[in-house]
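# Structural description and commentary
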Amino acid sequence: MAPTEPGNPMRSDDTGSSEPRAASSRTAALVWVVLLVVVAVAAWALWRFLPHASAPKPEQAAARPNATVEEPDLPGRALIRKSAEPNQAPYSGLDQPRGASVDGDGRLWVADFGTSRVHLFDPNGGDLGGWGGFGNAQRRFSHPYAVAVSADTVYVADTENSRVTAFSLQGDWKASSGGLYGPRGIAIAPDGQIWVTDMGNRRLMRYDPGLTRFDSFGKGEKGIDFRAPIGITVAADGIVYVSDPDDHSLKVFDAQGNPKARWPIATWGPNSEPYLINGPNNTLIATDPLKNAVFMLDRSGKETHRWTTDSRNAAFSNPTGIAMDPKTHLVYVVNTGTNSVTRIDLSPKK
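Below or above, wherever it landed, is the structure these notes cover. Counting starts from 1 at the beginning of each chain's written sequence and moves along it residue by residue. A pLDDT threshold of at least 70 governs which residues receive local features in this predicted model, and a stricter bar of 80 or more applies before side-chain atom pairs are shown or counted, although totals over entire chains, interfaces and linings include all residues. Water and hydrogen atoms were dropped before computing side-chain values, which therefore reflect all heavy atoms in the structure.

### A word on the sheet that holds strand β11 (residues 194–198)
- When DSSP locates at least two bridges between a pair of strands, those strands are taken to pair. Comment: elements are numbered from the N terminus, with helices defined as DSSP H or I runs of at least four residues and strands as E runs of at least two. Taken in spatial order, the four strands line up as β10-β11-β12-β13 in an open sheet, and their pairing is antiparallel. The sheet terminates laterally at β10 (183–188) and β13 (214–218), the two strands that pair on one side only. Between one strand axis and the next, the sheet turns by 20° as a mean value, whatever way the strands run.
- Both β11 and strand β12 (residues 203–207) contribute to a ladder of five bridges, which runs antiparallel. If you follow Thr197 over to β12, its bridge partner there is Leu204. A fitted line through C-alpha atoms represents every axis, and for helices the fit uses only the stretch in contact; the resulting angles, taken between N-to-C directions, go from 0 to 180 degrees.

### As for the pairing of β11
- Using a 1.4 Å probe on the protein chains alone, a residue whose accessible area is under 20% of its type maximum counts as buried, one over 50% counts as exposed, and one in between counts as partly exposed. Taken across its five residues, β11 has five buried, putting it largely inside the fold.
- Side chains Ile194, Val196 and Asp198 of β11 all project onto a buried face; the interleaved residues Trp195 and Thr197 project onto the opposite face, where all are buried too.
- Strand direction decides the pairing type here: β10 and β11, joined by five bridges, are antiparallel. If you follow Ala187 over to β11, its bridge partner there is Trp195.
- As consecutive antiparallel partners, β10 and β11 are separated by five residues, and within that stretch Gly192 has a phi angle of approximately 90°, a positive value.

### A short note on the pattern of salt bridges
- Take a side-chain nitrogen of Lys or Arg and a carboxyl oxygen of Asp or Glu: if they are within 4 Å of each other, that pair is a salt bridge. In the structure shown here, the tally under the stated rule is 14 salt bridges.
- In this structure, the salt-bridge partner of Arg206 is Asp215, at a minimum N-O distance of 2.9 Å.
- Residue Arg206 is classed as buried on the basis of its relative accessible area, which comes to 13%.
- Judged by its relative accessible area of 35%, Asp215 is partly exposed.
- In this structure, Asp288 engages Arg306 in a salt bridge whose closest nitrogen and oxygen atoms are separated by 3.0 Å. Linking Asp288 in strand β19 (residues 283–288) with Arg306 in strand β21 (residues 303–307), this pair joins segments that are 18 residues apart in sequence.
- Within the structure, one salt-bridge network assembled from shared partners comprises Asp244, Asp247, Lys251 and Arg262.

### Here we look at the nonpolar core
- What is meant by a nonpolar core is a set of buried Ala, Val, Leu, Ile, Met, Phe, Trp, Tyr and Cys residues, joined one to another through side-chain atoms within 4.5 Å. Among the nonpolar cores identified, the biggest contains 30 residues, and Ile186, Val196, Ile285, Val294, Val331 and Ile344 are the most heavily contacted of them.
- Mapped onto this core, the elements with two or more residues apiece are β6 (146–150), β7 (153–158), β8 (163–168), β11, β12, β20 (293–297), β22 (319–325) and β23 (330–335).
- Those residues in contact with Val196 that sit more than four places away from it in its chain are Val164, Leu180, Pro183, Gly185, Ile186, Arg203, Leu204, Met205, Tyr207 and Ile232.
- Formed by 14 residues, the second largest nonpolar core is a distinct cluster that contains Ala111, Val118, Leu128 and Phe141. Contact criterion: two residues are considered in contact whenever any of their non-hydrogen atoms come within 4.5 Å of each other.

This is the structure in structure tokens:
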């Protein structure tokens, strides 16, 4: 018998049986049905998953720094409550939290890496809301590391979107400044200027409050040599303090960005994110993530106190962010290892 063409029914001569021809017909029909189903599924998949020019993603329009396009999706909208959400554990909803800041009303703001949100809590950890969610639109973030509050403005280091963004206390977008590379820390100087650690570019940035003008300090300028600047705070006299854990040091600058000193911090090291704040009585307070500790320095760089537990004797767990209420001298420590916030009470003892 001569071979047949692929896909054609099997032929038989006049003396052969008709059964092979019938079986071949059924097989061919089945093959065609399968092919039609595959083609239909492929066509649906192309229509479903390929981008359409007529339906751009909302976040694409806001990818540029200083974009002014509003995001339409509700999950990114701010929701700030006057009283805490009932029946919730203190500081609930955090996932790999980092930097923190206390506002004029004693409320605690936390930049949450895992949820890509900014959370707001009352002094007892009650949930007062927040905004964010993963994305690059105006009210969204990509793994933020730091937050700082000045009067009526909230500044957020939107780390993986490589920008700093300013909001009102209600979450209304004010301004953004891009061109950064993994910003990690934010501090507000007494004159209102905004200082940012631009870790990926190994430099400091200083902005006006509206984020429209800036100065850069680093990359070998003025003898500055950063490895990985993380935390930052500015004292009342304008002196700037920056943690550089990869260099095992805390670096000191004047208000013009000129380097003044390098203080060795032996317990800091790579793969840690120490933050620092101004403490009471002209001191500095910093976290020590690798040692699960918090310590205090005088203004000469000498360690004067070290804590490994909070005021309730709970151990710290990878403490990173830190903030203090200047009215009560309550220090809030962000425990990234346990997704929690604990406190050290430094109020004057009666």
